[in-house]
Amino acid sequence: MDWTHGEHALADVACTDCHSVHAGGKMSLKQQDPDLCYSCHQEQQAKANFPSHHPIKEGKMTCGDCHNPHGELETEELARDLCLECHSRYQGPFVFEHAPVEEDCSICHDPHGTVSNNLLKQTEPFLCLQCHESHFHTMRSGGTTASDVLAFDANALNGATPAGTPTAANGIPFTNAHGDDGWRQAFGTKCTVCHSVVHGSDLPSQTSPTIGNNGEGFPDGGKGLTR
Amino acid sequence: MRHTKWLLATLLIALWLPASAFATGVNGFIEAGGAGVSIKDSQLKVNEYSVIGEDDGLEAYGKAQVESHGDNGVGFELDASLMGNRDQQYELGFDLKRIFRVNSSYQSYQHWLDHDQMNYLDAAVPPPVGPGGATVPLNPDSIPGFFLEGSYDPINGTVTVGSNTAASQQIGRASVYGEDLTPNQDFSIVYREWKNKFDLVLPSMPNITFHGSYRLQEREGFEQSIGMSKCTSCHVTGQSREVDEQTKDLSLGATGKFGKFTANYTFTDREFRENGATPYRWYDPALSPAAGYTDVNAVFDNRILYDYEQPGGIAQRAYDTTPDSDKQSHVLKGRYDFTAATSLLGSYVHATVESDKSGEAGVFDIAGDSLQTDYDGYGLRFATKLLPQLKLSLRGKIEHLDSDEVAITFYPNGTVAQPNLGGGVLPASITNNYGTIISRDILTLGADAVYRLGSKSTLRLGYEFKEVDRDDNHYEDTTTHQVKVAYKTRLAKNLNARASYMYENTKDPLQNTDAAGYIDPVTGLPYNFTDNTDPRIGTGLLYGTAFYDQRQTDLSNLPEDTHEGKASATWSPMANFSATASYRLRMDENELDRSEWEQTTHSPSLSLWYAPTEKLNLTFAYNYLGQRAEAKFCQGWYDG
């Protein structure tokens, strides 16, 4: 219905560039999708072979699942709505949003394929650092002294008497293998270890919003996308 | 849906019998064999989508294709591929004299997922340093997180707390630590999708095609779910999370052709549900400086919303939940063909997404029981030929997105004084209104002209204007101008070439304003801990309120200016051979306020295609992708 305005029409692609009246295949195509598409879009072919990719080369998807060769994308809405057809878990709306998720998935992801995991344009934390300041803890020098009992968690403390009392018995052995670099590694390796629900959440982070003595405090508490 | 293959098989037999009676010729093939994959390490690395086999070793597989297109107008097609229990593909097409056409397909496959062992999550507070040979008092000021006050001998590394031994004390105690609670589990999702669509043309209304579709997609399996407790200490755990997602899409509509006017309407209803068990985790006790770091039941600086036993004695809390949602959309399109070369196309789209929400007793309340997003899009396109060799295309689109703002009332966990916030005590509840970035207006205008230069060449000129007006001022409004020039020519009988250039200028692309960096207004230097020129900087202990609230540097990964050039040439000396060479150069840059970056991308490629026989295609392709980015902005990071 919309061939005239599509990219192929404007690029002067003719019907016979893809179809042959003598071809016996589906829709009289000269080759099948994606091989036919790759004959012009070599870079997309290369990306489909990157470590992180949609299952096109495995035969589980085709270019035509997202692109209409006679028009544009297979959606009449925003480009992100095309992604949400399969990745509906990110449809929201969420109580606590992450701005680029609501704007355009391609701000962080390249759907054609990437070297980084999860079709991310960059590896963590560098992708996140393009829009966010690094955690100030990364500048901290860590302790290196060994000890038998250095950590505890609620699982261990729940049975303590009185409840919640930490002792050597209910603590967790902890070896600080990274020494001085412990803080840098912990806070500078992967942001989504703590901010694990970066696509949005309905549950508040553990930090409460507060009001400081200057009237400002931390009004954004709860929006950390950690839960 | 795991029984869908049997339903499909039954359907196939049911359709096969009458179809085979009509069919005058049947073609097809059956293929059977074995395929194997050797997996010594991780499925994710060598068999992410289980395309060769689902498990280590050799497995049998089968494929079949049958088709018939009779002279009587009845046709059917069947494709089947069975690579394993979780790797199957079936497709059935049936055509009854173009009156009723139906297509049904089913596919399943397994996607292996990452498992993060989290072995980089070890960080501890360093022990205090005292004068040589002297013991150092242990208190919250020297080592946050000590359970009991005492003293530390840095020479001998011994701790004295009353009569307690050192064994229960914590020198350099863990402040960040990770636990992989399922270290040996493999995570994967089995994806299943059943798609059905039909077209119906009633002989009494041959100009109208009724169409409908039904799609059922399932994702089932387990993925890693990571969560953290905050302060003190930061405890990260990874565990298994069940995934059982279901998306149902039902579409109904019609396309009618009335002379020069064509109209299309489609209604779609989507239901998304997550049926998997909700993951829960303990939120560790938070140690409070207000209580001298000695009481695990005290509240950490009054900034904790919940922990492992408060409020209400709820020991575990849900996390990493996926909200259910419902979506309805209406798409109406109309096209009027004035002549063969002049047409006007209009479209209207209305979509609504709704998701139920609820608060959590004692933690937070939400005003309202659901959130809703509305989308309205109005499009208009016009195409004509101004001259026999000049095509003109104009387009415009107005999109309006509106989503609910949300008022949330938080109930902080306790009301002890906050030393870092001037000793004030928080009210029992705090209500904040949260805006949404979803709400915005988008205007897009575009024009393209394609000029045919003789019989061998075409020249395209294009321009697009786009403006995004966001309701949330934090992200600013964005205006984009894009210009395109493309040239296509046939250099020789078997040699085609294309070249294009694109320039895009964007004013204020989506950015995180005031995301980083504080420049002292008096010294003009970045913030440091000894800077006392601002009464709120350096004199207090709280880095957050002193620094975060006064950041001035904008950050964005989207460019302000983009130049992109492409060139490609294809040589086809024979019908079964072609060679294509291409090169793409792209330069992006953004001069953000107080930070700037630029990125250059080179991507040459070479592709050779040869088909020695009709059934055999060989492709050799090489692509190089080189990208260099330089940011003139410094962030505290690893040493060196």
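You'll find the structure just up there.
Residues numbered from 1 in each chain as written. Chains lettered and ligands numbered in written order. Predicted model: local features only at pLDDT ≥ 70, side-chain atom pairs only at ≥ 80, totals over all residues. Heavy atoms only, no water.

Asks: Any details on the overall build of chain B? Residues and values, ideally.
Replies: Within chain B one finds three helices and 34 strands. Across the 640 residues of chain B, 46% fall into the buried class. A separation threshold of at least 6 residues defines the contact pool for chain B, and within that pool the share at least 24 residues apart is 59%. A total accessible area of about 31100 Å² is found for chain B, and carbon and sulfur atoms account for 56% of it. (Helix = DSSP H or I, 4+ residues; strand = E, 2+ residues; numbered from the N terminus. Buried < 20%, exposed > 50% of the residue type's maximum accessible area, 1.4 Å probe, protein only. Contact = heavy atoms within 4.5 Å. Areas by Shrake-Rupley, 256 points an atom, 1.4 Å probe, with all protein chains shown as cover.)

Asks: Let's hear about the overall build of chain A: which residues, and what values?
Replies: Helices and strands together make up the secondary structure of chain A, namely nine helices and zero strands. Each helix and strand of chain A, ordered N terminal to C terminal, gives the series α-α-α-α-α-α-α-α-α. Taken over 227 residues, chain A has a buried fraction of 50%. Here the analysis covers contacts within chain A between residues at least 6 apart in sequence; of these, 49% occur between residues at least 24 apart. As presented, chain A carries roughly 9900 Å² of accessible surface, and 57% of it is formed by carbon and sulfur atoms.

Asks: Quick one: what's the story with the environment of Lys223(A), residue by residue and with numbers?
Replies: Relative to the elements of secondary structure, Lys223(A) occurs in the segment after helix 9 (182–188). Measuring from C-alpha to C-alpha, the distance between Lys223(A) and Asn49(A) comes to 37 Å, with 174 residues separating the pair along the chain. Contact partners of Lys223(A), with chain neighbours within four places excluded, come to Phe96(A), Ser205(A) and Tyr434(B).

Asks: Outline the pairing of strand 11 (residues 188–200) of chain B, listing residues and values.
Replies: All names here are of chain B. Relative to strand 11, strand 5 (residues 100–112) runs antiparallel, the two being bridged by 13 bridges. Bridging from a neighbouring strand, Val-102 pairs with Phe-198 of strand 11. Relative to strand 12 (residues 208–229), strand 11 runs antiparallel, the two sharing 13 bridges. Bridging from a neighbouring strand, Phe-198 pairs with Gly-212 of strand 12. (Pairing = 2+ DSSP bridges.)

Asks: Tell me about the sheet that holds strand 22 (residues 406–410) of chain B, residues and numbers included.
Replies: All names here are of chain B. As summarised here, the arrangement of the three strands in space is 19-22-23, forming an open sheet in which the pairing is antiparallel. Strand pairing shows two members of the sheet lacking a second neighbour, strand 19 (364–366) and strand 23 (430–434), which therefore form its edges. Recorded for the sheet is a direction-independent mean angle of 20° between the axes of neighbouring strands. For strand 22 and strand 23, the ladder comprises five bridges, and the chain directions are antiparallel. Each residue of the ladder has a partner; that of Ala-407, found in strand 23, is Asn-433. (Axes fitted to C-alpha atoms, helices over the stretch in contact; angles between N-to-C directions.)

Asks: Lay out helix 5 (residues 79–86) of chain A with the relevant residues and their values.
Replies: In an α-helix, one turn spans 3.6 residues, which is why side chains three or four residues apart end up on the same side. Inspection of helix 5 of chain A places Arg80(A), Asp81(A), Leu82(A) and Leu84(A) among the buried residues, and these make up the whole buried set. Looking at the packing, one finds that the buried side of helix 5 of chain A touches helix 6 (99–103) of chain A together with strand 14 (261–274) and strand 17 (325–337) of chain B.

Asks: Can you explain the side chain of Ser229(B)? Please cite residues and give values.
Replies: Relative to the assigned elements, Ser229(B) resides in strand 12. A relative accessible area of 0% means that Ser229(B) is categorised as buried. A distance of 3.3 Å separates polar atoms of two side chains, one belonging to Ser229(B) and the other to Arg281(B). For Ser229(B), the residues in contact, after removing those within four places along its chain, are Gln206(A), Cys234(B), His235(B), Arg281(B), Trp282(B), Tyr283(B) and Asp284(B). (Polar contact = N/O pair within 3.5 Å; in protein donor to acceptor, adjacent residues only side chain to side chain.)

Asks: An account of the nonpolar core is requested, with residue identities and associated values reported.
Replies: Of all hydrophobic cores here, the largest spans 17 residues; its most connected members are Val95(A), Phe96(A), Phe364(B), Val406(B), Ile408(B), Phe410(B) and Tyr434(B). Breaking this core down by element, the ones donating at least two residues are strand 19 and strand 22 of chain B. Ignoring any residue separated from it by four or fewer positions in sequence, one finds Val406(B) in contact with Val95(A), Ile366(B), Leu371(B), Asn432(B), Asn433(B) and Tyr434(B). Within the second largest apolar cluster, 14 residues are counted, among which are Met118(B), Tyr120(B), Met228(B) and Cys234(B). (Core = buried A, V, L, I, M, F, W, Y, C linked by side-chain atoms within 4.5 Å.)

Asks: Break down the pattern of salt bridges for me, with residues and values.
Replies: The final tally for this structure, using the stated rule, is 41 salt bridges over all chains. For Glu223(B), the salt bridge goes to Arg89(A), with nearest N and O atoms at 3.4 Å. Residue Glu223(B) is found in strand 12, and its partner Arg89(A) is found in the loop between helix 5 and helix 6; the two belong to separate chains. Judged by its relative accessible area of 13%, Glu223(B) falls in the buried class. Assessed through its relative accessible area of 16%, Arg89(A) is described here as buried. (Salt bridge = Lys/Arg side-chain N within 4 Å of Asp/Glu carboxyl O.)

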